[in-house]
Amino acid sequence: MPVFDHPEFDHHQQIVFGSDEASGLRAIIAIHDTARGPALGGLRIFPYASDAEALTDVLRLSRGMTYKSALADLPLGGGKAVIIADPRRDKTPELLRAMGRLVDGLGGAYITAEDSGTGEADMRLIAEATEHVGGLPRHGAASGDPSPFTAWGVFCALKSAVRHGLGRDDLTGVRVAVQGVGNVGAHLARHLHAAGARLVLTDVDAAALAKLAEELGAEAVAPAAIADAEVDVFAPCALGAALSEAVVDRLKARVVCGAANNQLASPSIAERLMARGILYTPDYVANAGGVIEIAWQRRDDYRRDAVMAHIEGIGATLNEIFARADREGLSPATVADDLARERFRPAG
Ligand code: NAD
């Protein structure tokens, strides 16, 4: 399994393969960059088909965290961890404690948190073996769930994108299609509803979809129909790779802004969106609200108003990205990557 020649290898600082026979742990931690601070990124537990697939995921995701933290102006670098296991079957306290020991061995260079396949209860078990855990409730918070903060950041991002892409300063009557009404999508839909937007919602979970659509007086459509919705904004809040060539060609929306990670099925999709006159909001800029809150939880001077102000700064960052993209004739995705690299690898 090549590492240094891997297509997703991007001068990662450190890659650790860990195992524990007793608990069955097989894990990879990738630290992409620590120039701005310790590498923070979630722990994903997933039944990868092969070690190679797990390596691809952890290399890609850890690099993304460096970019996300740099553009959110956090004193953090980027890292990520994966455990090759089925979270419903294999996630035992012993496995998580063994993972905690692996994280602890890195002495704080990597800080773990929740991701797909892990939750707050898992972080508590990991925290029995290491102090290098984020995403646990501190400073009187009722929960460590970052989703409400992520949703607020996406809402701020969407307002910036609507201003830039549609020339509208408020969301009254703006039609938004939300794909996926899970933790983040449902919060986002409620913010949009309160701001006067008209919503089209979808989810593969028909019961959750019907409930939220009724609560918000929104239209509910089948998952396969969401890309055709007659809307101004498309908000991908489900899985990655929501924007394939076929989907982009069907979109009626002039703006894309959502919470999902890795929305572009391939990098060239950014240019395809541009060619169709659709403004794309770089996903890792829009969805940084959760990591901003986790970063604040690590500070002794945590203040909710300061956290919210920091998250609202996502709008200003996007204003800068959209303006530079126009000036340089580049896609917002390319400009976001350039700006992030300027921040974590300053010249000289
Ligand atoms: P979630 O699992 O709670 O919600 C995802 C929802 O999408 C679920 O309701 C699921 O049923 C639905 N879904 C799955 N496939 C679908 C499909 N094909 N069509 C329509 N709906 C579908 O996850 P979440 O925490 O809300 O995260 C949503 C996205 O945002 C993910 O891509 C995640 O990586 C990203 N993200 C989340 C956070 C956070 O704070 N939770 C932070 C950054 C990024």
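Residues numbered from 1 in each chain as written. Predicted model: local features only at pLDDT ≥ 70, side-chain atom pairs only at ≥ 80, totals over all residues. Heavy atoms only, no water.

**Student:** Is there a simple way to think about the overall build of the protein chain in this case?
**Tutor:** Scanning the protein chain from terminus to terminus reveals 13 helices and twelve strands. Taken against the 2.2 N^0.38 rule, which gives 20 Å for 348 residues, the C-alpha radius of gyration of the protein chain at 20 Å falls within 12% of a compact globule. The dimensions of the protein chain, computed from C-alpha atoms along their principal axes, are 55 × 50 × 45 Å. In the protein chain, which comprises 348 residues, the share counted as buried stands at 55%. Put simply, 65% of the contacts in the protein chain that link residues at least 6 apart link residues at least 24 apart. Put simply, the protein chain shows about 14,700 Å² of open surface, and 51% of that area lies on carbon and sulfur atoms. (Helix = DSSP H or I, 4+ residues; strand = E, 2+ residues; numbered from the N terminus. Rg over C-alpha atoms; globule rule 2.2 N^0.38 Å. Buried < 20%, exposed > 50% of the residue type's maximum accessible area, 1.4 Å probe, protein only. Contact = heavy atoms within 4.5 Å. Areas by Shrake-Rupley, 256 points an atom, 1.4 Å probe, with all protein chains shown as cover.)

**Student:** Sorry, what's going on with the nonpolar core here?
**Tutor:** For soluble globular proteins, the rule of thumb is that nonpolar side chains tend to be buried together. Of all hydrophobic cores here, the largest spans 69 residues; its most connected members are Val176, Val178, Leu192, Leu199 and Leu201. With ten residues, the top contributor of residues to this core is helix 5 (residues 147-166). Among the domains, domain 1 (14-63 + 76-126) and domain 2 (147-344) are the pair contributing at least three residues each to this core. For Leu199, the contacting residues outside a window of four places in its chain are Val176, Val178, Ala189, Leu192, His193, Leu216, Ala218 and Glu219. Grouped together as the second largest cluster of nonpolar side chains are 24 residues, Ile29, Ala39, Leu102 and Leu125 included. (Core = buried A, V, L, I, M, F, W, Y, C linked by side-chain atoms within 4.5 Å. Domains from an automatic or database assignment.)

**Student:** Explain the site of the ligand to me, please; I cannot follow it from the model alone.
**Tutor:** As a structural note, the neighbourhood of the ligand is formed by 17 residues, with Thr150, Asn183, Val184, Asp203 and Ala238 the closest of them. Take Gly182: an N or O atom from its main chain is 3.5 Å from an oxygen atom of the ligand. For the ligand, an oxygen atom lies 3.0 Å from a polar atom in the side chain of Asn261. In the complex, 71% of the free accessible area of the ligand, which totals 830 Å², lies under the protein chains. Elements supplying a minimum of two residues to the shell around the ligand: helix 5 and helix 6 (183-194). Across the shell around the ligand, the residue classes tally to nine nonpolar, seven polar and one charged. (Near = heavy atom within 4 Å. Polar contact = N/O pair within 3.5 Å; in protein donor to acceptor, adjacent residues only side chain to side chain. Nonpolar A, V, L, I, M, F, W, Y, C, P; charged D, E, K, R; others polar.)

**Student:** Mind showing me how you'd approach the packing of aromatic side chains here?
**Tutor:** Scanning the entire structure with this criterion turns up five aromatic pairs. Ring centres 5.1 Å apart and planes at 70° place the aromatic pair Tyr67 and Phe344 in the edge-to-face group. Pair noted here: Tyr67 is in helix 1 (residues 51-71) and Phe344 is in helix 13 (residues 332-344), with a separation of 277 residues, a long-range link. With a relative accessible area of 6%, Tyr67 lands in the buried category. Here the aromatic cluster, defined as three or more aromatic residues joined through ring pairs, consists of Tyr67, Tyr284 and Phe344. Arg299 extends its terminal NZ or CZ atom over the ring of Trp296, reaching a point 3.8 Å from the ring centre. (Phe/Tyr/Trp six-rings, centres within 6.5 Å; stacked < 30°, edge-to-face > 60°. Lys NZ or Arg CZ within 6 Å of the ring centre and 35° of its normal.)

**Student:** It is not clear to me how the packing of helix 6 against helix 7 (residues 206-216) should be interpreted in this structure. Could you clarify?
**Tutor:** The geometry of helix 6 relative to helix 7 is characterised by a closest axis approach of 11 Å and an angle of 15° between their N-to-C directions. Viewed along their axes, helix 6 and helix 7 adopt a mutual orientation that is roughly parallel. The handedness of the crossing between helix 6 and helix 7 comes out as right-handed. When helix 6 is examined against helix 7, the residues Ala186, Ala189, Arg190 and His193 are found in contact with a partner set consisting of Leu212, Glu215 and Leu216. (Axes fitted to C-alpha atoms, helices over the stretch in contact; angles between N-to-C directions. Parallel < 35°, antiparallel > 145°, perpendicular 65-115°, else oblique. Left-handed = near helix turned anticlockwise from the far one by under 90°.)

**Student:** For this particular structure, what's the right way to read the sheet that holds strand 11 (residues 255-256)?
**Tutor:** Two orientations exist for strands paired in a sheet by backbone hydrogen bonds: parallel and antiparallel. The sheet built from six strands is open, its strands ordered 9-8-7-10-11-12 with parallel pairing. Each edge of the sheet is formed by a strand with only one pairing partner; in this case those strands are strand 9 (219-220) and strand 12 (279-280). Of the pairings in the sheet, the one linking strand 10 (residues 233-236) to strand 11 comprises two bridges and is parallel in character. When the bridges of strand 11 are listed, Phe234 appears paired with Val256. Against the sheet, helix 6 contacts strand 7 (175-179), strand 8 (198-202) and strand 10, and its axis sits at roughly 165° relative to strand 8. (Pairing = 2+ DSSP bridges.)

**Student:** Looking at this model, I keep getting lost on the environment of His164. Mind explaining?
**Tutor:** Tracing the backbone shows His164 in helix 5. For His164, a relative accessible area of 34% corresponds to the partly exposed category. Linking His164 and Phe46, residues 118 residues apart in sequence, is a C-alpha distance of 38 Å. The residues contacting His164, other than those within four sequence positions of it, are Leu279, Phe322, Ala323 and Asp326. For His164, the side chain forms a polar contact with the side chain of Asp326, separated by 2.8 Å.

**Student:** Honestly, the domain arrangement of the protein chain in this entry has me stumped. Any pointers?
**Tutor:** Put simply, an interface is often sized by how much accessible area is lost when its parts join up. According to the domain assignment, the protein chain contains domain 1 (14-63 + 76-126) and domain 2 (147-344). Taking the mean C-alpha position of each, domain 1 and domain 2 sit 27 Å from one another. Taken together, the contact pairs eleven residues of domain 1 with seven residues of domain 2. By the criterion of area lost to domain 2, the three top residues of domain 1 are Arg36, Leu40 and Leu76, representing 45% of everything that side buries. (Buried area = accessible area lost by both parts, 1.4 Å probe.)

**Student:** I tried to follow helix 6 on my own but got confused; where do I start?
**Tutor:** It helps to recall that an α-helix has 3.6 residues per turn; residues three or four apart then point in one direction. The terminal C-alpha atoms of helix 6, which comprises twelve residues, lie 17 Å apart, in line with the 16 Å expected from a rise of 1.5 Å per residue. Within helix 6, burial applies to Val184, Gly185, Ala186, Leu188, Ala189 and Leu192. At its buried positions, helix 6 is contacted by helix 5, strand 7, strand 8, helix 7 and strand 10. Two residues or fewer past helix 6, Gly196 is found with a positive phi of approximately 95°. (Expected span 1.5 Å × (residues − 1).)

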